[in-house]
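A closer look at the structure
Each chain is listed here by its residues.
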Amino acid sequence: MTLTSRIISGILSFIMMFSPIGFAKNGAEQPLGVKEITVSADGEYKTVEEARDYIRTLDKTKYSAINVTVKSGIYQITEALSFTEEDSGTENCPITYKGEDGTKIIGGVFLYAKDFKKADGEFSKLFPEEARDKIMMVDMKDFGITPEIIAKSLEDKHYNQSIPFFSANGERQTIAQFPDDWMHIEGAETYDINGDIIDIESPHAYSQTVNYGEQYAETVQSWSEVLPIYIMGRFFHLWCPDDSKIFNISKPEPTIDIYFNGGHQPYKGSIMYFYNIPEELDKPGEYIYDNDAFLYYYPTDSFETAEFTVPLSDGLVKINGANHITFDNIVFSTTLGHGMELNGDNITVKNCEIGNTGRQGIRFNGNDFTLDSSSVHHTTDDAIDMDVGDIATLTGGNALIHNCEIYSFGLSRSYGYAVTASGVNITVSHNDVHDGDFKGIHFANAVNAVAEYNDVYRLLLLCDDVGALSIDGKQNANIVFRYNYVHEIGPEGEAAKIGGYNSDYTYYGADAFYHDGGASYCEMYGNVINGCDDGYRSNGGRMNKFHNNLVCDCRMWYCIFVEVAAIDNKVDNDIDSTVKFDDYVYSDVWKKVNPDLAGLKTNTAGVDKFDPMLWCAPAGLEAYDNYFYYNKADRYFNNWGIRPYNVERHIMEFNPDAIEPAEKNMTIYSEKRTPLDIEKAVADSASVTGITPEIFASIGRLPD
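What comes next concerns the included structure.

1. Description of the overall build of the protein chain
Along its length, the protein chain carries 10 helices and 51 strands. When each of the 704 residues of the protein chain is scored for burial, the buried share is 57%. When contacts within the protein chain are restricted to residue pairs at least 6 apart in sequence, those whose partners lie at least 24 apart make up 67%. When the accessible surface of the protein chain is split by element, carbon and sulfur atoms take 48% of a total near 29,600 Å².

2. A short note on the sheet that holds strand β15 (residues 207-211)
Hydrogen bonds along the backbone pair up the strands of a sheet, which may run parallel or antiparallel. Pairing is antiparallel in the open sheet, where seven strands are placed in the order β13-β19-β16-β17-β18-β15-β14. Among the strands making up the open sheet, the edge pair consists of β13 (177-184) and β14 (187-191). Within the sheet, the average angular offset between the axes of one strand and its neighbour, ignoring direction, is 30°. As paired strands, β15 and strand β18 (residues 255-259) are joined by five bridges and run antiparallel to one another. Directly across from V210, in β18, lies its bridge partner I256.

3. Focus: the sheet that holds strand β8 (residues 117-118)
In spatial order, the strands read β8-β9-β21-β20-β12; together these five strands make up an open sheet with mixed pairing. The open sheet terminates on both sides in strands that have one partner only, identified here as β8 and β12 (174-175). Alignment of β12 against strand β20 (residues 286-289), held across two bridges, turns out to be parallel. Residue pairing in the sheet places T174 in a bridge with E286 of β20.

4. Quick word on the environment of K141
Examined against the element boundaries, K141 turns out to sit in the loop between β9 (136-139) and α3 (147-153). Overall, K141 belongs to the partly exposed group, its relative accessible area being 38%. With 152 residues separating them in the primary sequence, K141 and A293 have C-alpha atoms 6.3 Å apart. Ignoring anything within four residues of it in the chain, the contact list for K141 reads T146, P147, D292, A293 and F294.

5. A word on the side chain of S685
Along the chain, S685 falls in helix α9 (residues 678-689). The exposure class assigned to S685 is buried, which follows from its relative accessible area of 0%. Look past the residues within four positions of S685 in its chain and what remains in contact with it is L550, Y627 and G690.

6. Re α9
Compared with the 16 Å implied by 1.5 Å per residue over 12 residues, the 14 Å span of α9 between its first and last C-alpha is markedly short. Immediately beyond the C-terminal end of α9, within one or two residues, lies G690, with a positive phi of roughly 80°.

7. Quick notes on the nonpolar core
Counting 94 residues, the largest nonpolar core has F327 and F443 as the members making the most contacts within it. Per element, the largest residue contribution to this core is five residues, and it comes from strand β35 (residues 441-452). Ignoring any residue separated from it by four or fewer positions in sequence, one finds F443 in contact with A421, I426, V428, A449, V450, A451, S470, I471, D472, N476, I479 and F481.

8. Let's talk about the state of the cysteines
Under the defined criterion, the tally for this structure stands at zero disulfides. For C552, which is in no disulfide, the shortest distance to another cysteine sulfur is to C554 and amounts to 8.0 Å. In this structure C552 comes out as buried when scored by relative accessible area, which is 0%.

9. Let's talk about the environment of Y457
With respect to the helices, strands and loops of the structure, Y457 is situated in strand β36 (residues 455-459). Taking the relative accessible area as the measure of exposure, Y457 reaches 18% and is therefore buried. Linking Y457 and N530, residues 73 residues apart in sequence, is a C-alpha distance of 9.6 Å.

Definitions and cut-offs
- Residues numbered from 1 in each chain as written.
- Predicted model: local features only at pLDDT ≥ 70, side-chain atom pairs only at ≥ 80, totals over all residues.
- Heavy atoms only, no water.
- Helix = DSSP H or I, 4+ residues; strand = E, 2+ residues; numbered from the N terminus.
- Buried < 20%, exposed > 50% of the residue type's maximum accessible area, 1.4 Å probe, protein only.
- Contact = heavy atoms within 4.5 Å.
- Areas by Shrake-Rupley, 256 points an atom, 1.4 Å probe, with all protein chains shown as cover.
- Pairing = 2+ DSSP bridges.
- Axes fitted to C-alpha atoms, helices over the stretch in contact; angles between N-to-C directions.
- Expected span 1.5 Å × (residues − 1).
- Core = buried A, V, L, I, M, F, W, Y, C linked by side-chain atoms within 4.5 Å.
- Disulfide = S-S within 2.5 Å.

Structure representation (structure tokens):
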């Protein structure tokens, strides 16, 4: 091609790309280009809904894209923005809703200092005398919250989240509580509906009498009980906190009677606190609603300049069947429901902030989902819950969570994850995941999933026997955790002492990594683990690999390999078991991913199900070339019956003085611990682990 022909060809390409008329291709008229729409307070379209409704009238075959620019400002909504099939873009005409800097969509109402006045009336006489002249009040009926809403919310055994929470400058405030931290309880008795003592594990358990001890009796017995009082607790046999409603406070004895919430088992040594008590409104940042829908607040130092929000909407964004939609650079905040409930394909959320939600931050179901360079925080339930593709057929899927900050999740409910993901083809990469009572990144029923380059810290703050990065269930396969930095894992403060208050309770530890429930065909390598109870726990499963990791300064064990205790002790066709052994060991997913499994013998009468040769070998668990950096503390490798490939040889090779195969009761927190120079540990171990200082420095969110 000559220079002249190249220039002409380039000019024609330019004209075809930008001409408003376009050229015919195969006899068809080409799209007109990008359709631009603007939403602003003084424009033609004043709300996102108005722009959405206008887009419904457009012929999308005439455009290459539709872009909606949302001008900077605060857009208050009382119902979620709803997108259905008629609001879809297409592959050739995607729709983008992009906010200018400062664009906020708020699912509730705003309050300012001017809306409050000094607390007065009969209810305010219940407040502590030393606090009364400081407490402010506002009539929420003026803002859409009625006594009927409050009354309905308090009917449940739990503190119902339809009572609007209260936030100052985006941070949730505290419902009036006692004490300010936790109390350790003496024990509990469980009863059936007839008032007869019953085993705590019984399905007929109805209520419990909790002995909270003499230390707090005078305070607790002085409360008026004009409002329902609740407890929040971290109880044994429940892996994370839960709440319950009190229906009686005993005056003669230091006991309370609570409704049994199932799995809610306060034994001696459990920790809890009381809340929703007007007599305990005594600290800056605390609040409470009365039955007449008045909100009372003990101001902080920033009260005069603070911006307060109260949620009203049942969500912020709901997609039901709409596809090819992007949300860009918008703050979505404050709702009683999910932040974004997305059911569709080809959905992208980028440069956004989703926070202050009464349920999950983002809930996705469909194919081709991207969450990029965003933050999800202050969620009552999970920060992100997604199910992509069809695991039964191993088709579809594709989800990417990339370069995000995910924190302060699971604030009021048990089992609140940062990310819990199911489905096919999932990548979670370069995220900062921190500050949560429960798990960080969790795969359940996932195939072909990768979690890499994530900075994961300050998790499992009220938990044990779980992992910050975890896999649970037999319907998982081909999952990789690599180049993650997992640190500062496990309970803090009073919660950290929970194992010392009951000699009958076994504290299992807060793990950096945990394979549970038969999770198989998974691999972990290149990870840096520092400051947790256990570095890695493997509980059953097949063909898993743990290698080339740096494991530093664990408080209990570096690695624990245990048998699965989920089913009866013998493999026998004649045994009536709720879980068939062969079904448990060889799941459908494993067979699809690894067809050679179909021919393996799985059901030999009389073979002990806990036999390590059956559970791990010859299918195998491989743990090799890991570097265990012990920091002069007495820690051990724990091996409960399973014989993984050459674990002991490698541990002793790299740290002969500190770690030996043994089974000993370990001190959870060693007094010998001193802060580690983690960068030095990475450099020292690089020849074994392959984790170079450059790789370690690249973990976490990417720089702007």
